[in-house]
Amino acid sequence: MPPTDATAHAATTATDTGADPSPDTAGGSAAEGTDSEDTLDLRLPDELIALFAAEADTGEARSRAPMAAPASMAAPASVAAPAFVAAPFVAVPPFVAMADDDLLDHVADWGPAVTPAGVFQLVPVQVDRDLPLIDRWMNDPAVAEFWELAGPRAVTESHLRAQLSGDGRSIPCLGVLEGTPMSYWEIYRADLDPLARHFPLRPHDTGIHLLIGEVADRGRKLGSTLLRAVADLVLNKRPACARVIAEPDLRNTPSIAAFLSAGFRFSSEVDLPAKRAALMVRDRSLRNLL
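Residues numbered from 1 in each chain as written. Predicted model: local features only at pLDDT ≥ 70, side-chain atom pairs only at ≥ 80, totals over all residues. Heavy atoms only, no water.

Draft legend 1. Main features of the overall build of the protein chain. The number of helices and strands found in the protein chain is six helices and eleven strands. Burial analysis of the protein chain (290 residues in total) assigns 46% to the buried set. For the protein chain, restricting intrachain contacts to residue pairs at least 6 apart in sequence, the fraction spanning at least 24 positions comes to 70%. Summed over all atoms, the accessible surface of the protein chain reaches about 13100 Å², with 57% contributed by carbon and sulfur. (Helix = DSSP H or I, 4+ residues; strand = E, 2+ residues; numbered from the N terminus. Buried < 20%, exposed > 50% of the residue type's maximum accessible area, 1.4 Å probe, protein only. Contact = heavy atoms within 4.5 Å. Areas by Shrake-Rupley, 256 points an atom, 1.4 Å probe, with all protein chains shown as cover.)

Draft legend 2. Broad picture of the nonpolar core. Membership of the largest hydrophobic core comes to 32 residues, with the highest contact counts inside it found for Phe 120, Leu 122, Trp 185, Ile 208, Leu 227, Val 230 and Phe 264. Mapped onto this core, the elements with two or more residues apiece are β5 (118-124), β6 (170-177), β7 (180-189), β8 (206-212), α5 (222-237), β9 (243-246), α6 (253-261) and β11 (276-283). Broken down by element, the residue count for this core peaks at eight residues, all from α5. One finds Trp 137, Trp 147, Val 176 and Tyr 184 within the second-largest nonpolar core, a separate group that totals 14 residues. (Core = buried A, V, L, I, M, F, W, Y, C linked by side-chain atoms within 4.5 Å.)

Draft legend 3. Spatial organisation of the packing of α5 against α6. For the pair α5 and α6, interaxial distance at closest approach is 8 Å and the crossing angle is 45°. Our classification of the angle between α5 and α6 gives oblique. For α5 against α6, the interelement crossing comes out right-handed. Between α5 and α6, the residues in contact are Gly 223, Ser 224, Leu 227 and Arg 228 and Ala 258, Phe 259 and Ser 261, respectively. Within the contact of α5 with α6, the residues separate by chemical class into three nonpolar, three polar and one charged. (Axes fitted to C-alpha atoms, helices over the stretch in contact; angles between N-to-C directions. Parallel < 35°, antiparallel > 145°, perpendicular 65-115°, else oblique. Left-handed = near helix turned anticlockwise from the far one by under 90°. Nonpolar A, V, L, I, M, F, W, Y, C, P; charged D, E, K, R; others polar.)

Draft legend 4. Broad picture of the environment of Thr 225. Relative to the elements of secondary structure, Thr 225 occurs in helix α5. In this structure Thr 225 touches Thr 115, Pro 116 and Ala 117, once residues within four positions along its chain are discounted.

Draft legend 5. Structural view of the environment of Ser 165. Within the element layout of this structure, Ser 165 appears in the loop between α4 (153-164) and β6. Of the polar contacts made by the side chain of Ser 165, one reaches the backbone oxygen of Arg 161; its length is 2.7 Å. (Polar contact = N/O pair within 3.5 Å; in protein donor to acceptor, adjacent residues only side chain to side chain.)

Draft legend 6. Highlighting the pattern of salt bridges. Scanning the model with the defined rule gives 17 salt bridges in all. Of the charged contacts, one joins Arg 282 and Asp 232 as a salt bridge, the two residues approaching to 2.9 Å between their closest N and O atoms. Taken together, the positions of Arg 282 in strand β11 and Asp 232 in helix α5 put the pair 50 residues apart, joining distant regions of the chain. The salt bridge involving Asp 271 is made with Arg 276; its shortest N-O contact spans 2.5 Å. For Arg 276, a relative accessible area of 24% corresponds to the partly exposed category. (Salt bridge = Lys/Arg side-chain N within 4 Å of Asp/Glu carboxyl O.)

Draft legend 7. View of the packing of aromatic side chains. Following the criterion strictly, the structure yields three aromatic pairs and no others. Look at Trp 147 and Tyr 184: their rings are 5.5 Å apart centre to centre, the planes differ by 65°, and that puts the pair in the edge-to-face class. Highlighted residues: Trp 147 in helix α3 (residues 141-147) and Tyr 184 in strand β7, separated in sequence by 37 residues. As far as burial versus exposure is concerned, Trp 147 and Tyr 184 are alike and both buried. (Phe/Tyr/Trp six-rings, centres within 6.5 Å; stacked < 30°, edge-to-face > 60°.)

Draft legend 8. Main features of unusual backbone geometry. Within the chain, Glu 148 stands out as a residue other than glycine whose phi angle is a positive 55°. Relative to the assigned elements, Glu 148 resides in the loop between α3 and α4. With a phi angle near 75°, His 204 is a residue other than glycine that sits in the positive phi range. Within the secondary structure layout, His 204 lies in the loop between β7 and β8. With relative accessibility at 26%, the residue His 204 sits in the partly exposed group.

Draft legend 9. A look at the pairing of β11. In terms of burial, β11 is a largely internal element, seven of the eight residues being buried. The sheet contact formed by β9 and β11 spans four bridges and is antiparallel. Each residue of the ladder has a partner; that of Arg 243, found in β11, is Asp 283. Hairpin connection between strand β10 (residues 265-271) and β11: a loop of four residues separates the two successive antiparallel strands. (Pairing = 2+ DSSP bridges.)

Right, here's the structure in full:
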């Protein structure tokens, strides 16, 4: 079934078991159960507080007389929002764009990471340069089973351009290991993704999708090595992000094993439109323990 949005039918190929992995990970999910560990008090965003202050100032100027702001308008930075509770539909938190904002903190500038497998770097996709390679990977049967982007080159091109022409909430990248492109990644704002309609996400939660492109690179335990490296990049380069999220297909046990080996924890099983997934979470607070 063709993808319905920029991240909806993505998948992750990764293994830590020695067998060829089945690529898989997708965005959008319906939470079957939410543990209390995924619920917390949320601080009102600074942008929203600034809007309250601006509205109060406007009202004061209009009346030309000193006027105390109503209690509902006075939102000091220390006030926390109510606990985030799972519901059939969870609204995406509002985002107030500023002139120099980048939704993912400039992935292109994150730089390389040194891993046990060599120097690794995420390089944002350029369609004219990278489409033939990514299209070949998408037509590999092991990849196509989960990504569902096999077929004419235009199918993969449409998937890439939908992200590249969007507002920057999803960035498609090549994973380059020791100078050789060998994997495809999507780094995305999970809290601004359709996933937020189905699962309680926190502001700046960041999602990742992955596939290992070359058959020769599968079964070498690269999946867990690179997943850990990229999750660390996200947490290092995005200080506002407290969690890295992934949703491998529940049938893809090699992929789930790779996430667990990379320091992710299993949070819950979730129902997506096209699959049942395992919600995997890497917490900033646990990154040095797992």
